[in-house]
Amino acid sequence: MSFPLLTATAVLPAIGAIATAAVPAAQRTAAKWLALLVSLATLALAITILVRFDPDGGRYQLTESHSWIADFGVRYELGVDGIAVALIALTALLMPFIILAGWHDADPLETGSRRWRPTQGFFALILAVEAMVIISFEATDVFLFYIFFEAMLIPMYFLIGGFGDRAHEHGEEAASTQRSYAAVKFLLYNLIGGLIMLAAVIGLYVVAGNFSLQEIAQARANGSLHMATSTERWLFLGFFFAFAVKAPLWPLHTWLPNAMQESTAPVAVLITAVVDKVGTFAMLRFCLQLFPEASKWATPVILVLALISIVYGALLAVGQRDIKRLVAYASISHFGFIILGIFAMTSQGQSGATLYMVNHGISTAALMLVAGFLISRRGSRLIADYGGVQKVAPVLAGTFLIGGLATLSLPGLAPFVSEFLVLVGTFTRYPAVGIIATFGIVLAALYTLVLYQRTMTGPVKQEVSAMPDLRVRELVVVAPLIVLLIFLGVYPKPVTDIVNPAVKSTLSDVHKKDPKPSVEAAK
Amino acid sequence: MENLIALLVAAPLLGAAVLLCGGRRLDAVGHWIGTVLAFVSFAFGVILFADLLGKDAEHRTLMQHLFSWVPVEGFQADVTFRLDQLSMTFVLLITGVGSLIHLYSVGYMEHDERRRRFFGYLNLFLAAMLLLVVADNYLLLYVGWEGVGLASYLLIGFWQHKPSAATAAKKAFLVNRVGDMGLSIAIMLMFTTFGTFAFGPVLDGVGDTSEGKLTAIGLMLLLAACGKSAQVPLQSWLGDAMEGPTPVSALIHAATMVTAGVYLIVRSGAIFNAAPDAQLAVTVVGAVTLLFGAIVGCAKDDIKKALAGSTMSQIGYMILAAGLGPIGYVFAIMHLVTHGFFKAGLFLGAGSVMHGMNDEVDMRKYGGLRKYMPVTFITFGLGYLAIIGFPGLSGFFSKDKIIEAAFAKGGTEGWILGGAALLGAAITAFYMTRVMLMTFFGEERWRNQPTRSPEAPSAEPVAEHHGEHAEPHPHESPKVMTIPMILLAVGSVFGGAFFSIGDRFLHWLEPVTGHSEGDSPVSAATVTGATMVCLIIGVGIAYAMYGRRPVPAVAPRGSLLTRAARRDLLQDDFNHVVLVRGGEHLTRSLVYVDHTLVDGVVNGTAASVGGLSGRMRRLQNGFARSYAVSMFGGAAVLVAATLLMRAV
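Counting starts from 1 at the beginning of each chain's written sequence and moves along it residue by residue. Written order decides the labels, with chains lettered from A and ligands numbered from 1. Selection of residues for local features in this predicted model requires a pLDDT of at least 70, selection of side-chain atom pairs for listing and counting requires 80 or more, and totals for whole chains, interfaces and linings are taken over all residues. To obtain the side-chain values, all non-hydrogen atoms of the structure were used and water was disregarded.

Just give me the short version of the UniProt feature "domain: NADH:quinone oxidoreductase/Mrp antiporter transmembrane" (unreviewed entry) in chain B, but keep the residues and values in it.
UniProt positions are given in the numbering used here, feature names are shortened, and annotations may be inferred rather than shown by experiment. When the UniProt feature table is mapped to this numbering, "domain: NADH:quinone oxidoreductase/Mrp antiporter transmembrane" (unreviewed entry) covers residues 135-417 of chain B. Across residues 135-417 of chain B one finds 75% helix and 0% strand; the C-alpha atoms that close the span lie 32 Å apart. Strands are runs of DSSP state E lasting at least 2 residues, helices are runs of H or I lasting at least 4, and numbering of each runs from the N terminus.

Structure (structure tokens):
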């Protein structure tokens, strides 16, 4: 038996989480270093997956399969296609930066504060989330996926509720209340989504008799497993609802601004750049493969919801007064693009959507982490509390601008490629939808540049006049992300080469072909 | 030889990277690094030009394939460069004028503590603009297109601590983004129509597709051009863009970037040729803008804003010519090049005047400066003669050809467009004479009064170093600034004649753009005569108003039109009321809706379904309780799962 690489990649951060939690209370720094090393080792394993994966090989590679709950046909089945490989790489890549950016986020508060901040717990929870996210990307057994899809709510809940921003206008007491509210809202939204999905998972078992994604998809494809139209639609809706909460899609999005606003910047990145990606990923992997007909049936409604997300999220971002809420609404707009790309059901749309997931992870991490550095300096999340930062901290302002430019998909930076692919892929099948989505690029420029103008330019505000520029640790976090944004903007081929074959198989699952160019069609 | 094309772009890109990442260590030499790399790029351009000239006219195209950029099933975007006569013309203009302006900036920005960064941005601009003109497909062009927009944003807002500069920069970017929507949609339309957006297959494949599609593509390209080239209705950003340092206004907002729209239309000539409706729209936009800009230019007392109005107007001429099809393409580009010389020269001259006048921009506080700044006066004067179309100078040749071509369109349209172009020539003569007289002639109105009145702060904060309330001591600028001005003046004087004698420019560009003579109802001599009459009328009126009478220190109230023109013909007011205010109301009400309605309804639904509302409220009360309930929640999922599994 070969080395179980996929299991190892998920288990390593899990063991790391336990080990980090077990570090004695006095050894805070050791716990941080341990967590960082574990995340780096996980990254090394993820890179190994990337190297071992053959884009032109079989659909699922590095597979592992063991019997688990034999009575119910639940198996421990792992396997990755190109889409999963790209997202595992993204997750493992972002983790060290998240840990490094949050280096001091869980330090004990000044003496006199009532609240206890378990440093070890913070980093252990982050690693636990990483482990669960990675195994969700790897699982090809529906039940196995479901367990970790739900289980990751628990560490996320504690991360949001237990480790908020120190910055709060109404003092620690109010902050604590709002934090709990945000954490509970996050949990309830996702739990309800999860419960509905659970019903659908069980329904699927009743119909199919097992939980194996590959077996069911194959049986669906060759006709040996017939589903009544209405059954398929109900099951699809059950799955999709959970993923739409997680992604999140309008109108199920309101937990995200609360959660991102209240948690520390690195945790906010963890939510939007990593955990939410499981939702969009699962739409591609489970909804389309298991329920191709129902997916096509639901497409018009989903496209409209995605469009609303794009425009509505962007407009709401324009109206925000809180930096982190602004980024949250921008993300909602971007998730609209990802979902649009998935359900446009074209090669460009789905390759673009997958690439979008990767690029959005990197660009949001860059923007949000710098925003976090900014907020930690001034102790406020309100845009109006800043002004003229560019003059006192030019490097911070410069990196913030690059993060912002990536968020507005400036050509030359990575998100442009994916956003344009999504737009083109949508336009070829639904021109009107593509055109409306294009308005998103104007609105994105509006909220990004207004944010930059209000915080960074103008006369230097008294309160920011002594603000230090980025420190070495912070530069180590931001610089590689910016390099990646530029690199993948100029040369996205390494990612598209991995993703393209997987997209091709997904499209053949739903029996969709790309529309032909009209010149060719006429001939 | 092809490999030089990449180096052409790489040299300034390297400069930008080094200067922007280099840190303070490079402060002492940064400006020279930037300037040298600009000249290096120019040298590559000249070598490539010599190489092209050595080939016969039909084979003057160099292609360089670098790598496959975005390979996705059915979608192929490559990083491929194409250097043909059209791109070559732009490369020489961009690197030539660009290098001179780098040199000028060494002197102009001498006292700015962020000079290194300024040169980094200028180099970034050069790289992006070169990419724009050598790209071989529309998507790569888009990268350059946005790259110049970014550089423009950074440079307009270079003095970011001034709120007006930061606002102007943001406005420029946003208005351009509206144009970018047009470019995006045009590329998407090309992709669905041709399956590609590379120049070759798209422009060769025009014959196989319907006119409706081509018209749609053409109109979207026009929208893009309107944004970048400040054409009506997307012109409103250009006047505000004058907040940037004057060398930026000269290079980006006069000579090169704003002409990118003309490049786009001429490059896509095959599409427009097959879509007469789109062409008509282009000519209308051009004609309206050339009058719009000229009228605005007449009313401005800020020397840079007057020149900005003029830029809009002159680009209007180019767009008009580009809309005329093969009759006009060559002349659009020819006017673009000569305009690059004389308008860059005029802006540098304006900068030199400001440099000597404590950065005052209000022409009402100038006067009689010819004695104090002889070089600036002569070079500016030559630029002035060139732009109004004084016989023998650059503008005379290039503008005259456009007016002729407009008449040659034939029919009523020809008369209207030709008439508009003639009228524009008269107004151009008027406002430029006004600028000339108010600045260099007449009383020395700057005596005995401090410049920089508080209600009209000047654009250049450098003044802070000079003591802002002293009486200005006008003086000539240093050589590093005057030499570029002199060289541009030489271009303004001789460029037009050099291009036109023996139809050199026509023969050079024709293989790319095509050319036809059209069918003019009036002879070329008549057009030239009429243009001369217009010129004399315009100069005469301006002389009567500003030369013979003293210029009042405070602007008179003026007619309704004058007052409207001072406010950019009210477009900003319209934008403010409709877009800014309307937008604010929309976003504010949406924030409210999201908070109460969407959140409320979703929470409410969930609550009524799950009976969770009470729990939800209680959960907010304390950390410990929510802790417990969520533990319960997590456990409940697992228990429920197990139970349900057993039931199955």
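How would you sum up the packing of helix α3 (residues 82-101) of chain A against helix α20 (residues 493-509) of chain A? Please name residues and give values.
All names here are of chain A. α20 packs onto α3 with a crossing angle of 135° between their chain directions and a minimal axis gap of 7 Å. The pairing of α3 with α20 is recorded here as oblique in orientation. In contact with G82, I83, V85 and A86 of α3, α20 contributes I498, V499, A502, V503 and T506. Looking at side-chain class alone, the contact of α3 with α20 contains seven nonpolar, two polar and no charged residues. Only C-alpha atoms enter the line fits that serve as axes; for helices the fit covers just the stretch in contact. Angles between N-to-C directions range over 0 to 180 degrees. If an angle is under 35 degrees, it is roughly parallel; if it is over 145, roughly antiparallel; if it lies from 65 to 115, roughly perpendicular; otherwise it is oblique. Only heavy atoms enter the contact rule, under which two residues are in contact if any of them lie within 4.5 Å. Residue polarity is assigned by list, with Asp, Glu, Lys and Arg as charged and Ala, Val, Leu, Ile, Met, Phe, Trp, Tyr, Cys and Pro as nonpolar; anything else, Gly included, falls into the polar class.

Describe in detail the side chain of T426(A), supporting the description with residues and values.
All names here are of chain A. Positionally, T426 belongs in helix α17 (residues 414-429). By relative accessible area, T426 is classed as buried at 0%. In contact with T426, not counting residues within four places along its chain, are L340, A344, T346, P431, V433 and G434. Burial here depends on accessible area, computed with a 1.4 Å probe over protein chains only, as a share of the maximum for the residue type. Under 20% is buried, over 50% is exposed, and the range in between is partly exposed.

Could you give me a rundown of unusual backbone geometry, with the residues and numbers involved?
Comment: phi is negative for the bulk of residues other than glycine, and the bulk of peptide bonds are trans. Note the cis peptide between W250(A) and P251(A), where omega equals 0°. Along the chain, the position of P251(A) falls in the loop between α9 (229-246) and α10 (255-262). The step from V232(B) to P233(B) runs through a cis peptide bond, and the omega angle for that step is 10°. Inspection of the secondary structure assignment puts P233(B) in the loop between α8 (211-228) and α9 (237-240). Phi angles above zero are rare outside glycine, and N358(B) is one such case at about 55°. Looking at where N358(B) falls in the secondary structure, it is placed in the loop between α15 (329-356) and α16 (374-388). Judged by its relative accessible area of 11%, N358(B) falls in the buried class. At D503(B), a residue that is not glycine, the phi angle is positive and equals roughly 50°.

So what's going on with the interface of chain A and chain B? Residues and values would help.
Chain A puts 86 residues into the contact, and the matching count from chain B is 72 residues. Basic side-chain nitrogens of Lys or Arg form a salt bridge, by our definition, when they fall within 4 Å of a carboxyl oxygen of Asp or Glu. The residue E73(B) makes a salt bridge to K504(A) at a minimum N-O spacing of 3.8 Å. Whenever two N or O atoms come within 3.5 Å, that pair is a polar contact, provided that in protein one can donate a hydrogen and the other can accept it, and provided that, for residues adjacent in sequence, both atoms are side-chain atoms. Put simply, chain A and chain B have 14 residue pairs in polar contact (both at pLDDT 80 or more) between them. Per element, the largest residue contribution to the side of chain A that touches chain B is 13 residues, and it comes from helix α7 (residues 171-208) of chain A. Tallied by class, the residues present in the side of chain A that touches chain B amount to 53 nonpolar, 24 polar and nine charged.

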